[in-house]
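# Observations on the model geometry
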Amino acid sequence: MDNNNPLSPHIQIYRWHISSLVSISHRITGIVNILAITAICLWIFSLLLGESNYDLTKFFLQSIFGKFIIICLTWSFSFQTLSEIRHLVMDLGYGFELKTTKITGLAVIFGSIFFTIIFYLLGKNFI
């Protein structure tokens, strides 16, 4: 009874699944969102320090790189929210079938892209 099989899957034979991609992305976006909320709080705090500090941040956010950061953070918050809803449903005991996890994983990915585009278009109209 000598078993020579590995205890965990090797990289050569492991296939990525939507669920693992969403799970890893959920953790990464959680860290990014904490850092973004901290930066937003510091930006709001800069309002108390005077107009020059606020203008510096405003100048950065109106640059191409700043707009890119805003779009990325919008996607990150959208992805995190949809993924949290998915996890909440799973905590209730639903959605553990393979087909359902694939569908909900793809819904989180494409839904976050959809919401990012919608929020971008809405924000563009308000500016």
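What you see is a predicted model; the values in this text were computed from it and never measured. Here the residue numbers are simple positions, counted from 1 along each chain's written sequence. Only residues with pLDDT of at least 70 are given local features in this predicted model, and only at 80 or more are side-chain atom pairs given and counted; all residues enter the totals for whole chains, interfaces and linings. Side-chain measures were taken over the full set of non-hydrogen atoms in the model, leaving aside hydrogen atoms and water.

## Examining the packing of aromatic side chains
Note on ring pairs: Phe, Tyr and Trp rings are taken, using the six-membered ring of Trp, and paired if centres are within 6.5 Å. Classes follow the plane angle, with under 30 degrees stacked, over 60 edge-to-face and the rest tilted. Enumeration according to the criterion identifies five aromatic pairs in this entry. Seen in terms of ring centroids, F60 and F65 are 5.9 Å apart; in terms of plane orientation they differ by 65 degrees. Their pairing is edge-to-face. Ring plane angle 20 degrees and centroid distance 6.0 Å describe the contact between F115 and F119, whose orientation is recorded as stacked. You can see F115 and its partner F119 sitting in helix α4 (residues 98–126), four residues apart, about one turn around the helix. For helices the rule is a DSSP run of H or I covering at least 4 residues; for strands it is a run of E covering at least 2, with both sets numbered from the N terminus onward.

## Remarks on the environment of A107
Position of A107 relative to the elements: it lies in helix α4. Distance from A107 to S83, taken between C-alpha atoms, is 9.3 Å for residues 24 residues apart in sequence. Contact between two residues is taken to exist if any of their heavy atoms lie within 4.5 Å; hydrogens are not considered. In contact with A107, other than residues within four places in its own chain, are L82 and S112.

## Let's talk about the packing of helix α1 (residues 18–49) against helix α2 (residues 51–61)
Between the N-to-C directions of two axes lies an angle of 0 to 180 degrees, each axis being a line fitted to C-alpha atoms and, for a helix, fitted only over the stretch in contact. At a minimum axis separation of 7 Å, α1 and α2 run at an interaxial angle of 145 degrees. Residues W43, S46, L47 and L49 of α1 form the contact with α2, whose participating residues are N53, Y54, T57, K58 and L61. A breakdown of the residues in the contact of α1 with α2 according to their chemical character gives five nonpolar, three polar and one charged. Each residue is assigned to one class: nonpolar for Ala, Val, Leu, Ile, Met, Phe, Trp, Tyr, Cys and Pro, charged for Asp, Glu, Lys and Arg, and polar for all the others, Gly among them.

## Some words on the confidence of the model for the protein
Confidence of the predictor at the level of single residues is given by pLDDT, which spans 0 to 100. Chain-level statistics for the protein give a pLDDT mean of 90 and a share of 91% at 70 or above. At the level of individual helices and strands, the protein shows its lowest average pLDDT in α2, which scores 85, and its highest in helix α3 (residues 64–91), which scores 96.

## Points about the nonpolar core
Of all hydrophobic cores here, the largest spans five residues; its members are V22, F79, L82, V108 and I109. For this core, the secondary-structure elements that each account for two or more residues are α3 and α4. The residues contacting V108, other than those within four sequence positions of it, are V22, F79, L82, S83 and R86. Think of a nonpolar core as a cluster: buried Ala, Val, Leu, Ile, Met, Phe, Trp, Tyr and Cys residues, connected wherever their side-chain atoms sit within 4.5 Å. Only protein chains enter the area calculation, which uses a 1.4 Å probe; residues under 20% of their type maximum are buried, those over 50% are exposed, and those in between are partly exposed.

## A few points about the environment of T29
Mapped onto the fold, T29 is located in helix α1. A relative accessible area of 4% means that T29 is categorised as buried. Put simply, T29 and L73 are 44 residues apart on the chain and 8.8 Å apart in space, counted from C-alpha to C-alpha.

## Quick word on a nonpolar patch on the surface
Like charges are joined within 9 Å and nonpolar side chains (Val, Leu, Ile, Met, Phe, Trp, Tyr) within 5 Å, but only among residues with over 30% relative accessible area and no salt bridge; these make up the patches. Accessibility throughout is a Shrake-Rupley quantity obtained with a 1.4 Å probe, and a residue counts as covered only by protein chains that appear here. Just to be clear on terms, a salt bridge is a Lys or Arg side-chain nitrogen sitting within 4 Å of an Asp or Glu carboxyl oxygen. On the surface, a cluster of nonpolar side chains totalling about 630 Å² of accessible area is made up of I71, L106, F110, I113, I117, Y120 and L121. Looking at the nonpolar patch, the element that brings in the most residues is α4, giving six residues. By the secondary structure assignment, I71 is in helix α3.

## A closer look at α3
Take the number of residues in a helix, subtract one, and multiply by 1.5 Å to get its expected span. The terminal C-alpha atoms of α3, which comprises 28 residues, lie 40 Å apart, in line with the 40 Å expected from a rise of 1.5 Å per residue. All of the buried residues in α3 are G66, S76, S78, F79, Q80, L82, S83, R86 and M90. In the segment just after α3, G93 is the residue with positive phi, at about 100 degrees.

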